[in-house]
Amino acid sequence: MRDRPTSLPIRFDAVTYSAGTTAILREVSLSIGAGPPTVLMGPNGSGKTTLLKMAMGLLTPVSGRVDYADQKDQARRHAFVFQKPVMLRRTAARNIAFALKAAGRANDPAVIARLLESVGLGALADRPARRLSGGEQQRLALARALARDPEVLFLDEPTASLDPAATKGVEDIIARTAQAGVKIVMATHDLGQARRLAGEIVFLANGRLLEQMPASTFFTNPATTEARRFLAGELVI
Amino acid sequence: MSALELIVSGDARLFAIVGLSLIVTLSATFFAAVIGMPLGALIALTRFPGRNALIVILNGCMGLPPVVVGLGVFLLLSRSGPLGELGILFTPQAMIIAQAVLIGPIIAALTRQVIEDLWAEYRDELVAMDLSRTSRVATLLWDARFSLMTILLAGFGRAAAEVGAVMIVGGNIDGFTRVMTTTIALETSKGNLALAIGLGLVLISIILLINAMAWAVRGWAERHAG
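Computed from a predicted structure; not experimentally measured.

S.K.: Explanation requested: the overall build of chain A in the structure shown.
M.R.: For chain A, the count of helices and strands is 8 helices and 9 strands. Against the globule reference of 18 Å for 237 residues, chain A gives a C-alpha radius of gyration of 18 Å, in line with a compact fold. Counting only C-alpha atoms and orienting by the principal axes, one finds that chain A spans roughly 50 × 40 × 40 Å. In chain A, of all internal contacts separated by at least 6 residues, the share reaching a separation of at least 24 is 67%. Surface exposure of chain A reaches about 10600 Å², of which carbon and sulfur atoms provide 49%. Taken together, the 31 basic and 22 acidic charged side chains of chain A have centroids lying 6 Å from each other.

Structure (structure tokens):
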């Protein structure tokens, strides 16, 4: 159990967001609390990434508000892994060192080595990050996020462009991280991945929150027609 | 004596001119970079009223005519000018200022474009890491270092090849402010083609050598740092 102030639960209160005239999120109200991973699901364009970025503080609602249990310094307690993470132009180890410094943590070679080992990149510490494979880059992005020692880790479709082996590598890290007590909030449209990782499902369609419930309930007894169609593999537009 | 003989024999006059040219141009490139790169990065990362107009002006200044820059610096440094008390007109310092003014906008404008493009790619990642504005600028400048090196080379090349501005503010004084380009112009008009061609060959060789070295460094660094 962490002995520091917690930003959980994160509360969305009637949050609306639009880009120009296009509504991305429409009056979304929900609460993300501590516990097993929360997985955001829904078709493309449903607002998953926007909701994640808003929870991280990267976007500001047009109306409504996002609150954290403890507002102070919450950005320091959160980390984000993007679908296509940017690899800084330096070695894998120096990418980790950069993240440690950004988080105000000591630049300890032992910590860097441990983080790289934890994502299976110990042997590639001195390899330029941009020369790593897609799966390796995604694992390095995870290690870089974990270098912040986050309370909440946001993941935006972290395996979207990876092959099954690389996907398993990333999922194993996510599962271990969740077991270590880090709150995982992840967007995916991969049903199998959601079944493997989720403790709770948030289902979005067309910018609206349609369901928020335990994963076991969602997969066996979804409440809405859209969710049933989505689970059946039908096109939800 | 032929041009090649002048070079091979290590002609003292020729190499004094080459030495002064390198000091002036490298100094001008250094000062233009110290001012132009942070300025370009600042414009890239800041939003303020009149920003677009400033970018248009900055881009336009990339094509400043050297003689106009020379005239401007001449007026600034002449006895009756605002900086006349410095007494540096017709000295290498005046030539450095003129070349820095000439290439400063080139370095600032190209840096602005490179950093703005990189910022579009890095924005979310750096904001998510909660970096301060200063750290963001430093990170972007470091990660753009290979592109910035090319910009420096462009500035150096423009300064090294320039003749009009240094002629006006330096005066082309033998043994004091005479550089390669002004010497080539003068010796050609006098019909002393051997020295003019010799200096021309040296000038081109220096520019090619510096570009080759920069290319090699860039290749090595990209292999080792990505």
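S.K.: Quick question: what am I supposed to make of the packing of helix α2 (residues 92–102) of chain A against helix α4 (residues 134–146) of chain A here?
M.R.: Axis angle and axis distance: for two packed helices, these are the angle between their axes and the distance between the axes, and together they describe the pair. All names here are of chain A. Look at α2 against α4: their axes get within 8 Å of each other, and the N-to-C directions meet at 30°. The angle between the axes of α2 and α4 places the two elements in the roughly parallel class. Two packed elements cross with a definite hand, and for α2 against α4 that hand is right-handed. Across from Ala92, Asn95, Ile96 and Ala99 in α2, the residues of α4 making contact are Leu140, Ala143 and Arg144. Residues of the contact of α2 with α4, tallied by class, amount to 5 nonpolar, 1 polar and 1 charged.

S.K.: So what exactly am I meant to see when it comes to the interface of chain A and chain B here?
M.R.: Accessible area lost on assembly of the parts is the figure often given for the size of an interface. Contact residues are listed per partner, giving 21 residues for chain A and 20 residues for chain B. Between chain A and chain B, the buried area comes to about 1900 Å², and carbon and sulfur atoms account for 55% of it. Arg90 of chain A is paired through a salt bridge with Asp143 of chain B; the nearest N and O atoms lie 2.3 Å apart. Here chain A is connected to chain B by 8 residue pairs in polar contact (both at pLDDT 80 or more). At the level of secondary structure, the elements contributing two or more residues to the side of chain A that touches chain B comprise α1 (48–56) and α2 of chain A.

S.K.: Looking at this model, I keep getting lost on unusual backbone geometry. Mind explaining?
M.R.: Generally, phi is negative for residues other than glycine and the peptide bonds are trans, each holding for most cases. Residue and element names in this part refer to chain A. Of the consecutive residues Leu8 and Pro9, the connecting peptide bond is found in the cis state with omega at 0°. Within the secondary structure, Pro9 sits in the segment before β1 (10–19). In this structure, Glu27 is a non-glycine residue whose phi angle is positive, near 45°. Structurally, Glu27 can be placed in strand β2 (residues 22–32).

S.K.: Hey, could you run me through the layout of surface pockets in this one?
M.R.: Regions of empty space are outlined by a rolling probe, equal in size to a water molecule, passed over the atoms. Roughly 480 Å³ of internal volume is contained in the largest pocket. Around the largest pocket sit 21 residues that line it, and Arg90, Arg94, Ala97 and Phe98 of chain A together with Trp142 of chain B are the ones nearest its centre. Considering each element in turn, the lining of the largest pocket owes the most residues, 6 residues, to α2 of chain A. Taken together, the residues of the lining of the largest pocket sort by class into 11 nonpolar, 5 polar and 5 charged.

S.K.: Got a minute to help me understand the sheet that holds strand β3 (residues 38–41) of chain A in this structure?
M.R.: Pairing between the strands of a sheet is mediated by backbone hydrogen bonds and can be parallel or antiparallel. All names here are of chain A. Read from one edge to the other, the open sheet built from 6 strands follows the order β5-β6-β7-β3-β8-β9, with strand pairing classed as mixed. Each edge of the sheet is formed by a strand with only one pairing partner; in this case those strands are β5 (78–81) and β9 (208–214). Neighbour to neighbour, the strand axes of the sheet diverge by 15° on average, direction disregarded.

Rules used throughout
- Residues numbered from 1 in each chain as written.
- Chains lettered and ligands numbered in written order.
- Predicted model: local features only at pLDDT ≥ 70, side-chain atom pairs only at ≥ 80, totals over all residues.
- Heavy atoms only, no water.
- Helix = DSSP H or I, 4+ residues; strand = E, 2+ residues; numbered from the N terminus.
- Rg over C-alpha atoms; globule rule 2.2 N^0.38 Å.
- Contact = heavy atoms within 4.5 Å.
- Areas by Shrake-Rupley, 256 points an atom, 1.4 Å probe, with all protein chains shown as cover.
- Lys, Arg positive; Asp, Glu negative; His and termini not counted.
- Charge placed at Lys NZ, Arg CZ, Asp CG, Glu CD.
- Axes fitted to C-alpha atoms, helices over the stretch in contact; angles between N-to-C directions.
- Parallel < 35°, antiparallel > 145°, perpendicular 65-115°, else oblique.
- Left-handed = near helix turned anticlockwise from the far one by under 90°.
- Nonpolar A, V, L, I, M, F, W, Y, C, P; charged D, E, K, R; others polar.
- Buried area = accessible area lost by both parts, 1.4 Å probe.
- Salt bridge = Lys/Arg side-chain N within 4 Å of Asp/Glu carboxyl O.
- Polar contact = N/O pair within 3.5 Å; in protein donor to acceptor, adjacent residues only side chain to side chain.
- 1 Å grid on protein atoms, 1.4 Å probe; cavity = no way out; pocket = protein on both sides within 12 Å on 5 of 7 lines; lining within 4 Å.
- Points joined across faces, edges and corners; volume = space filled by probe spheres on them.
- Pairing = 2+ DSSP bridges.

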